[in-house]
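Read off the chains here:
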Amino acid sequence: MTSGNTVSAKIFRYDPAADKAPRYETLEVPLEKEMRVLDVLDYAVENAGVAVGYRWFCGVKRCGMCGVSVNGKPVLACWEKATPSMVIDPLPNMPVVRDLVVDRSALEQATLEMEPCLKRKEPYESFPEPLTHRDFEDAYRLMTCIECYVCTAACPVLSDANHREFAGPASLVQLAKVALHPKDAGERVAAALKGDIYACISCYECSNVCPVGINVLEDAIEKLKRRCAAQSESNPGAKHARIFTDLIRKFGRIHPPTLMRQSKGLMQSVSKMSMALAMYRKGKVQVRPQTVQGIEEVRKLFKAVEKDQ
Amino acid sequence: MKFAYYPGCSAKTTCPELDQSMKAVAKKLDLDLAELEVATCTGSRQIRDSNEELFLTLNARTLALAERLERDVMTVCATCLLNLTEVNATLKQNAELRRKINANLAAVGLEFRGTREVTHFLWVLLRDIGAEALAKKVARPLRGLRVAPFYGCHILRPKDVLGFDDPDSPTSLDTLIRVLGADPVAYDGKKRCCGFHVLMTKEDLALKISGRRLSQARDEAADCLVTTCPLCHSSLDPYQSAVEKTLGRKIRLPVIHLPQLVGLGLGLAPRELKLEGNAVSTAPVLEKMALQA
Amino acid sequence: MPRTIDTDVVVIGGGAAGAHAALKVHAEGLKVLLIVKGFLGRSGCSIFAGNLQLVNTKVSAEEEEKWLTIRTKHMGGYLLEQDYVKRANRFTESEFYPEMERRGLYIRRNAEGKFIKSEGRGTNVWAPLQGYSGTFVMELLRKEILNKRIPLLQETMVTSLLLDEGKVVGVTLLDILRGEFIAVRAKAVIVATGPSNYLATRSTGTREQCANGFAMAYRAGAQMQDIEIQWWHCSDIAWPKAWTRLHIYPNPMPATKETVRLYNSEGEMFFEQGMYPLAMQPYFLQLKHLYPHVKRGKARWNGGYFAGYTHIDPSIMEQYSYQTQFLKALGLDLSKDLIECGISWHMTLGGIRTNTETMETSLPGLYAAGGVGSHGVGTITFVSYDGTLAAGGACARARAMQPPRLPEEQIAREEQRVMSPLKVRSGDGLLPAQVKKRIREIMWEKMGYVKSEAKMEEALGQLAEVREKLVPRIGLDSLSRTWNYDWVDALDVEDMLDICELTIHSAKVRQESRGAFFREDFPYIDNKNWLRHTVMSRDGNALRIETVPVELKYIRPESEREDFLSADY
Ligand SMILES: Cc1cc2nc3c(=O)[nH]c(=O)nc-3n(C[C@H](O)[C@H](O)[C@H](O)COP(=O)(O)OP(=O)(O)OC[C@H]3O[C@@H](n4cnc5c(N)ncnc54)[C@H](O)[C@@H]3O)c2cc1C
Ligand code: SF4
Ligand code: SF4
Ligand code: FES
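Residues numbered from 1 in each chain as written. Chains lettered and ligands numbered in written order. Predicted model: local features only at pLDDT ≥ 70, side-chain atom pairs only at ≥ 80, totals over all residues. Heavy atoms only, no water.

Further remarks concern the overall build of chain A. Per the secondary structure count, chain A includes 14 helices and seven strands. Along the first, second and third principal axes, the C-alpha atoms of chain A reach 70 × 65 × 40 Å. Residue burial in chain A is summarised as follows: out of 309 residues, 61% are buried. If you take every contact in chain A between residues at least 6 apart in sequence, the share linking residues at least 24 apart comes to 64%. (Helix = DSSP H or I, 4+ residues; strand = E, 2+ residues; numbered from the N terminus. Buried < 20%, exposed > 50% of the residue type's maximum accessible area, 1.4 Å probe, protein only. Contact = heavy atoms within 4.5 Å.)

See the structure below:
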């Protein structure tokens, strides 16, 4: 059912074993009803005889293997609707194997190292386990993660900062998924910290691109961070969250100099002295913390919450 | 137009110029702002990352305070916008949770009823005032000024919570820049992260990220960059000298708060907008506009 | 000689059958090598298993009989071995569910902890959404295999079975990522390459499923059984093309008795499961009802008819179906819009002929598990049973054996065959994928749901033309050995041609209609003469076809001959 229009696809081509440099191949493809990016790639090979390499298996968001980047956004080729003008690149944050095919092995290894298998405290008894949907609600939100690594491809901690200590959002989703299983007793905080979870800058790029609609940051990463904050004594990220909370308890709002001193330690704060001075001159530093009006109310609320916990 | 004004901690501490310019611009636009002086911090990412119930309770209190004033909340901070919007939506939807949080609020004689909305100054400009009406108020079009929009994560994402702009190709701030007579600079970094939320704990990482944005905007020959959030502003402006060290490159890009830019267009004097309060000198912008600091 | 790898047992295929087999061999303490052309648990059909059947044969004899009937009659057209069906049903309840739940499978429950089920005759459950269960099952199996560090080769295609004195002693493979040809020595080989092959334009088989398993077994001399009995799915989405495998399930929806309804192009409803309360999986019946509408021009096999949930509370789809997000992405409002559907080439009921106690094939040393075997009931729980059984058989054999000798001459010949597509195409050359597409078109047009002698002859003629005219033009764009999928496609072309032809030959022999198999020129179920299996094997370069009777131990059809279109199975 061709509507007469065409799709212009500029496709990344590169065989690192044979080519000196990547190039683009541009192709006009007849636009079909509700056409997906995968249909465009299929057309390239099967109709136009353009030997572009791309991975796919299922065509319906089950296998998680068809990730590509379209006009700069990481997507699944089978899910993303084709648009009249597309630049199709391999997913970022992974080495290119050939054309649109990337090597995911390092990321998959990171996931595996988190040991995302259920670890039970007590041995499994019998089917069915006496559990309700409520027990599973948190884990349930993550159950349709197909491990496509599209979120990881979108993560600026990897792409912009090349901070490879960070496991990336997809691996953290897998970790959270077992961690939130009602019977899990694995050491998940240690794994999250090993994956440098506090490198996550809370930008929601992962949530924004997830093709199955998982709010990766809130439903996986944040839940893990909460456990880390509660359980890790020494991790700077966990400590920072606690210090921050204590400042709010005291003053109702933050006091950046105190936060910095307590969080970074005196020595590191001193190294920021020249910046602090410049800021002071601009009227950006209040030497003493200001307390919000009605701080007694705030403290009462802290008490009420803590009583619950 | 009446709002309960929630400035957030930064506008009260590290960015007094934001609070002041906001108030000056509000007057000019006939916005009636009742400041929520007793409100607390929304918890940035830290409280929500460590104590969900506390996060909900503190923000429910702020929302309840606004409800008492019978006003919607307007903020100038993207992170606060998201925190308040999410808590508002969560508590409106989830009756059980609302009961639990209201039990906490009872200790201070407040109740969250879910009768009010949360908005951001940018949205007020475009949705409540409207581009056309605003254009009429522009007394000093910022002709020839190349402004790099910097949206900030928490005003765009998650889309289903915020929903004002398309996070993949946001337009609101670009529109606003045009309404003010300036030229928006196109660059990918405009919808990306500033790195703020790890600035205290992983400074190198944060600087690499903000460095990407700043150098991109610089490469596109921007005269300045405009932010909708004081947190973005922090990592792009006061930390710009640190970024320069990391990048090994001079950037010197003035970073202006949204109300400051609007104020310039409305014809307010630079002093009223406290443009001298920004860390990177805003003098080049004023020079280009042939204005005295 | 190419590089060789030694192991005790090779498992070919990373679906539920292969995964269960690999886990079991590993648990038995033997060395296993799992080889997957795609990725473990992420390719093949297992990821599509949308519903899980909650079998409960322990409850009563009636319950056991009910499930036996559903599987044997409604899904198997009485061609299945009934003892096997009973054993597999018991495995489902006593091993599959407990083991999967132990690994973390979440079967969707309500707030009180009761399973969300379909009401009606056969009970379905979901983990956690309809349409997603198999993906979840496979994820857990994959993680366990990875976690146990079981030797695994992915994106690696097995190209042939190695034989020594008529026994299977290993396999050859092509590492797609690096382009390396490797020989594997093994005491036993389990082939588990899946039930569905991507042999027709619309097909549920995934990209890599091009009948390699059938082809390698047939070439090695194994017997094939009933491969003409080809299931078709009746209501998969019509477009976009990429979404062909988006299945609209005909059976009762979660938490209700209601099922989807099918409508012709004029909006007349022509099918819902309620018309056949006894058939749990009414694919064959749906097709029989669609057929007259296609004949009258009120539907096409690839569109022009519709599925609708308009009579079902929309919150059911919202809450319990993975498919809903796809339908919404098309802008459909399920409370009033209908979904255009097409049929797709689905599973082969038959396959490599096996003994259902051990899954051994007619070739010593070769075991077949899951859909590639000869009793494709088409459920993920059954193929899991097969994998477990095959592993038991293979381990027993491997324990009793010394490492076999590798047939060097055969390996050299195979290496030459595998390397032969590595040539650059000339000016009028074709990519192998273009030829694959042509083969699929022929099968779609001539070997669709409605078959006849005349159309099958035409199909054979057109396939012969492909061999003569198109295959010689095949060439590649690049001789690079790095992830050169055109090379894989070229190898697939040979297998597809062979198996398409075999399927047609086999279909020509069965002069009746039954279950999924419809011959317009023999539109009746012939229980008198055709409660028989077709059995094919290679005899030199010739094809030998025999038929053998089906054993009907517990239930049998009532009449000797029935009109196919009006029969309820
Ligand atoms: C659309 C659809 C819907 C379905 N719905 C249901 C349902 O609701 N409920 C249910 O129980 N069942 C359902 N099924 C059936 C069920 O999924 C299958 O019967 C079962 O999962 C098959 O498992 P398998 O292990 O035999 O094969 P598959 O899962 O198909 O695995 C085959 C494996 O072999 C590999 N392979 C292929 N060729 C080679 C080669 N040359 N070398 C190496 N590896 C190779 C593939 O990569 C793959 O890993 C459905 C199937 C489909 C297609
Ligand atoms: S929210 Fe965290 S994990 Fe997600 S993309 Fe941003 S930095 Fe990466
Ligand atoms: S969270 Fe979403 S984007 Fe990330 S791997 Fe899972 S399915 Fe893919
Ligand atoms: S092809 Fe499987 S997820 Fe896209």
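Now that the structure has been shown, we can carry on.
A word on the packing of helix α11 (residues 432-446) of chain C against helix α13 (residues 485-509) of chain C. Residue and element names in this part refer to chain C. Put simply, α11 and α13 touch, their axes get as near as 8 Å, and they point 20° apart. Here α11 is positioned roughly parallel relative to α13, judged by the angle of their axes. Two packed elements cross with a definite hand, and for α11 against α13 that hand is left-handed. Contacts from Pro432, Ala433, Val435, Lys436, Ile439, Arg440 and Met443 of α11 reach α13 at Asp486, Asp489, Ala490, Asp492, Val493, Met496, Leu497, Cys500 and Ile504. (Axes fitted to C-alpha atoms, helices over the stretch in contact; angles between N-to-C directions. Parallel < 35°, antiparallel > 145°, perpendicular 65-115°, else oblique. Left-handed = near helix turned anticlockwise from the far one by under 90°.)

Take the sheet that holds strand β1 (residues 3-6) of chain C next. All names here are of chain C. Read from one edge to the other, the open sheet built from four strands follows the order β1-β9-β8-β7, with strand pairing classed as mixed. Either end of the sheet is taken by a strand with one partner, and the two such strands are β1 and β7 (156-164). Taken over all neighbouring pairs, the strand axes of this sheet differ in orientation by 30° on average, direction set aside. Taken strand by strand, helix α10 (residues 408-419) contacts β7, β8 (167-175) and β9 (180-185), and its axis lies near 150° from that of β7. On the sheet, α13 packs against β7 and β8 and is oriented at approximately 45° with respect to β7. (Pairing = 2+ DSSP bridges.)

Before going further, it helps to examine the domain arrangement of chain B. All names here are of chain B. Entries for chain B in the domain assignment read domain 1 (2-120) and domain 2 (130-288). Relative placement of domain 1 and domain 2: their C-alpha centres are 24 Å apart. Taken together, the contact between domain 1 and domain 2 spans 24 residues of the former and 28 residues of the latter. Contact between domain 1 and domain 2 buries roughly 2,200 Å² in total, counting both sides, with carbon and sulfur atoms accounting for 71%. Applying the counting rule to domain 1 against domain 2 returns zero salt bridges. One can count four residue pairs in polar contact (both at pLDDT 80 or more) joining domain 1 with domain 2. Listed by contribution, the elements that provide at least two residues to the side of domain 1 that touches domain 2 are α2 (16-29) and α5 (78-93). Per element, the largest residue contribution to the side of domain 1 that touches domain 2 is nine residues, and it comes from α2. (Domains from an automatic or database assignment. Buried area = accessible area lost by both parts, 1.4 Å probe. Salt bridge = Lys/Arg side-chain N within 4 Å of Asp/Glu carboxyl O. Polar contact = N/O pair within 3.5 Å; in protein donor to acceptor, adjacent residues only side chain to side chain.)

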